[in-house]
Amino acid sequence: MKSSELFEEAKTMMPGGVSSPVRAIRPYPFYTAGGHGPFIKTVDGCELIDCCLGYGPLILGHAHETVRRAIEEQVTEGWLYGTPCPQELDLARRVIDDHPSIDMVRFVSSGSEATMAAIRLARAATGRQDVIKIEGGFHGAHDAVLVKAGSGATTMGVPDSAGIVADLVKHTRQVAYNDLEALESVLSSSEDIAALIIEPVMGNVGPVLPEEGYLQEVRRLTEEHDVLLIFDEVITGYRLGIGGAQKYFGVTPDLTTLGKIIGGGLPVGAFGGRKDLMEQVAPQGPVYQAGTFSGNPLTMAAGAAALTWLHDHPETYRTLDEGTRAIGDTCEDAHAGGSFVRIGSIFKYFFRPEAPRNYAEAKESDTARFATFWEKMLAHGVFLPPSQFETEFISAAHTDEIIEHIADHYSTCLSE
Ligand code: PLP
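Residues numbered from 1 in each chain as written. Predicted model: local features only at pLDDT ≥ 70, side-chain atom pairs only at ≥ 80, totals over all residues. Heavy atoms only, no water.

- Taking an unreviewed UniProt entry as the reference, the chain is identified by name as Glutamate-1-semialdehyde 2,1-aminomutase belonging to Methanofollis formosanus.
- Under the heading Catalytic activity (unreviewed entry), UniProt records this for the chain: "(S)-4-amino-5-oxopentanoate = 5-aminolevulinate".
- One UniProt comment on the chain, placed under Pathway (unreviewed entry), says "Porphyrin-containing compound metabolism; protoporphyrin-IX biosynthesis; 5-aminolevulinate from L-glutamyl-tRNA(Glu): step 2/2." (UniProt positions renumbered as here; feature names shortened; annotations may be inferred.)

Here it is as structure tokens:
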């Protein structure tokens, strides 16, 4: 069946025809038949260069041989035990060794679960109720963090979805990214703040980068106000390098959430932090957290294989950085009036003259121009995430030749 036909049927069975909203591309999404290296193949017979990469996890590209072999080996021994398995320790050792902030870790099945549990732990550990998040920061689809800012001046939460109890989200406060004054003001305004949760590099409004010294000051201010700092490294973990943003920027949070890359492309999440905090998680402590699929052997084996590969190929991060630099150089030459933002293997072209500093500025981008550009790129055989506000990625499978293709298509589609 063709994509258009599959989508017609899907709409009769699944809300919006999809399993996650961003996939509901209009008039219909393409359906994928397979993925290999930097490419995905559609059921309609097209081969596309993939710069979405499962929204980030596939830093080694699709069906990477090392990860595939680890999965195949594990599959022959079973893929779910409901008991502890040695593979959990392989991944835990890696994650703990690689992250300055992590003494102990708990594996879960998604980034959303990880941030939900980290916030619960922060509230329990401090005995306080409020959480600060960054406007436009995305931490998964659970109630406490599905809150958007009303305006820059409004710091009390307003639910961003139907069905969320207003009484709950009034404990979620918002500040703009890169705005230390706003943060200090909220921190000073209440004695009931448990934690600040922040993506060190904003990844869900397109990449928005921290200004020089911002994260260091965020650390200083949270410490000064005795508020726990949670780095949500679901995107940046193993993306900016081994040790994620905390190593890249030299800032150590109290708690860290991970996901995406650490599962080698299988469903995963994790939260970890200082021993005294993590010891409060059940069954060692009173903060309840549990999951049927947590630490399952298949994900653990795939994740450990992916992270081992990254450790064995440290040059990868430099090569990826050079890749996005090359794409950026070409974009600048196209003089299309927008701004190219990149860090490591993360990049985005904003249809806005200046690189945004925060959510409000990112929202000023010309989304209609992005939509046209996105369609052109797809017609040229490059699949970008279908939103101005979703980050683009390259992987270790994106060879120089593929990067050149992406850069050329970027240039052509921006100039047209
Ligand atoms: N945190 C961040 C920074 C994310 O980007 C995402 C998902 O994109 C999540 C949390 C939620 O992760 P998941 O989709 O695995 O639940």
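Back to the text.
## Here's the deal with the environment of Ile59
At step 1: Residue position: Ile59 is located in the loop between β3 (47-50) and α2 (65-75).
At step 2: Given a relative accessible area of 2%, Ile59 falls into the buried group.
At step 3: Along the chain, Ile59 and Phe393 lie 334 residues apart, while their C-alpha atoms are 8.1 Å from each other.
At step 4: Once you skip the residues sitting within four places of it in the chain, Ile59 turns out to touch Tyr238, Arg239, Ile261, Leu310, Tyr317, Leu320, Ser395 and Ala396. (Helix = DSSP H or I, 4+ residues; strand = E, 2+ residues; numbered from the N terminus. Buried < 20%, exposed > 50% of the residue type's maximum accessible area, 1.4 Å probe, protein only. Contact = heavy atoms within 4.5 Å.)

## Here we look at the sheet that holds strand β9 (residues 193-198)
At step 1: Strand order in the open sheet made by the seven strands is β4-β12-β11-β10-β9-β5-β8, with mixed pairing throughout. The sheet terminates laterally at β4 (104-108) and β8 (172-175), the two strands that pair on one side only. Put simply, the sheet's adjacent strands are angled 20° from each other on average, direction ignored.
At step 2: In this sheet, strand β12 (residues 269-273) lies alongside β4 in antiparallel orientation, the contact comprising five bridges. Counted as the bridge partner of Arg106 is Phe271 from β12.
At step 3: The sheet contacts of helix α4 (residues 111-126) involve β4, β5 (130-134), β9, β10 (228-232), β11 (255-259) and β12, and relative to β11 the element is tilted by about 165°.
At step 4: Its contacts with the sheet place helix α6 (residues 180-189) against β5, β8 and β9, and it is angled at close to 150° to β8. (Pairing = 2+ DSSP bridges. Axes fitted to C-alpha atoms, helices over the stretch in contact; angles between N-to-C directions.)

## Considerations on the UniProt feature "modified residue: N6-(pyridoxal phosphate)lysine" (unreviewed entry) in the chain
At step 1: As annotated in UniProt, the feature "modified residue: N6-(pyridoxal phosphate)lysine" (unreviewed entry) corresponds to Lys260 in the numbering used here.
At step 2: Along the polypeptide, Lys260 turns up in the loop between β11 and β12.
At step 3: A distance of 2.9 Å separates a polar atom in the side chain of Lys260 from the backbone oxygen of Tyr55. (Polar contact = N/O pair within 3.5 Å; in protein donor to acceptor, adjacent residues only side chain to side chain.)

## Notes on the packing of aromatic side chains
At step 1: Counting across every chain of the model gives 11 aromatic pairs.
At step 2: Consider the rings of Tyr177 and Tyr214, whose centres lie 5.1 Å apart with planes at 70°: the pair is edge-to-face. Placement of the pair is Tyr177 in the loop between β8 and α6 and Tyr214 in helix α7 (residues 214-224), with a sequence separation of 37 residues. In terms of burial, Tyr177 and Tyr214 fall into one category: buried.
At step 3: An aromatic cluster is defined as three or more aromatic residues linked by ring pairs; in this entry it consists of Phe340, Phe347, Tyr349, Phe351, Phe370, Phe373 and Tyr410. (Phe/Tyr/Trp six-rings, centres within 6.5 Å; stacked < 30°, edge-to-face > 60°.)

## A short note on the packing of helix α11 (residues 316-334) against helix α14 (residues 400-415)
At step 1: Interaxial distance between α11 and α14 falls to 9 Å at its minimum, and their mutual angle equals 20°. Taken together, α11 and α14 sit at an angle that is classed as roughly parallel. As for how α11 packs across α14, the hand of that crossing is right-handed. Contacts between α11 and α14 involve Gly323, Ala326, Ile327, Thr330, Cys331 and Ala334 from the first element and Ile403, Ile406, Ala407, Tyr410, Ser411, Leu414 and Ser415 from the second.
At step 2: Taken together, the residues of the contact of α11 with α14 break down into nine nonpolar, four polar and no charged. (Parallel < 35°, antiparallel > 145°, perpendicular 65-115°, else oblique. Left-handed = near helix turned anticlockwise from the far one by under 90°. Nonpolar A, V, L, I, M, F, W, Y, C, P; charged D, E, K, R; others polar.)

## What to know about unusual backbone geometry
At step 1: Between Arg26 and the following residue, Pro27, the backbone shows a cis peptide bond with an omega angle of 0°.
At step 2: Along the chain, Pro27 falls in the loop between α1 (3-13) and β1 (32-36).
At step 3: Omega for the peptide link from Ala282 to Pro283 comes to 10°, which places this bond in the cis form.
At step 4: Turning to its location among the elements, Pro283 is positioned in the loop between α9 (275-278) and α10 (297-312).
At step 5: Although it is not a glycine, Leu53 adopts a positive phi angle of roughly 55°.
At step 6: Even without being a glycine, Tyr238 presents a positive backbone phi close to 60°.
At step 7: Counting through the fold element by element, Tyr238 comes out in the loop between β10 and α8 (244-249).

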